[in-house]
Amino acid sequence: DFRVFEPQHYIASGDDVVATGRYTAIARPTGKTVSADWVMVWKIRNGKVAYFREYTDTEALAAALK
């Protein structure tokens, strides 16, 4: 469950958009809190999302789920 979701920077060039930010969430199975930075990469074509990929700290997420 996300408690905080903070986009911080946006970088755009043509159809490409990169957003960076930070989130804090609580893992439902364990109740542990996790905070991490993230980067999202988007490609927009004809007003629709054609591509999306997120990069985040998967080690922190895995630790919160253990």
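For the structure, see preceding data.
Residues numbered from 1 in each chain as written. Predicted model: local features only at pLDDT ≥ 70, side-chain atom pairs only at ≥ 80, totals over all residues. Heavy atoms only, no water.

Empty space within the largest pocket amounts to approximately 150 Å³. Along the walls of the largest pocket sit 13 residues, with Phe 2, Tyr 23, Ala 25, Val 34 and Leu 61 positioned nearest its centre. Elements with a contribution of two residues or more to the lining of the largest pocket: β2 (16–26), β4 (48–56) and α1 (58–65). By residue class, the composition of the lining of the largest pocket is 9 nonpolar, 1 polar and 3 charged. (1 Å grid on protein atoms, 1.4 Å probe; cavity = no way out; pocket = protein on both sides within 12 Å on 5 of 7 lines; lining within 4 Å. Points joined across faces, edges and corners; volume = space filled by probe spheres on them. Helix = DSSP H or I, 4+ residues; strand = E, 2+ residues; numbered from the N terminus. Nonpolar A, V, L, I, M, F, W, Y, C, P; charged D, E, K, R; others polar.)

For β2 and strand β3 (residues 33–45), the ladder comprises 11 bridges, and the chain directions are antiparallel. Paired with Thr 20 across the two strands is Val 39, which belongs to β3. Between β2 and β3, which follow one another and run antiparallel, lie 6 residues, and Gly 31 among them has a positive phi close to 80°. Direction of pairing for β3 relative to β4: antiparallel, over a ladder of 8 bridges. What sits directly across from Trp 38, in β4, is Thr 56. Linking two consecutive strands that pair antiparallel, namely β3 and β4, is a turn of 2 residues; a positive phi of about 55° is found at Asn 46 within it. (Pairing = 2+ DSSP bridges.)

Our next topic: the environment of Arg 28. Relative to the elements of secondary structure, Arg 28 occurs in the loop between β2 and β3. A sequence separation of 31 residues divides Arg 28 from Glu 59, and the C-alpha atoms of the two residues are 17 Å apart. Within the local environment of Arg 28, its side chain forms a polar contact with the side chain of Asp 1, the two groups lying 2.7 Å apart. (Polar contact = N/O pair within 3.5 Å; in protein donor to acceptor, adjacent residues only side chain to side chain.)

Keep in mind these numbers describe shape, not what the thing actually does.
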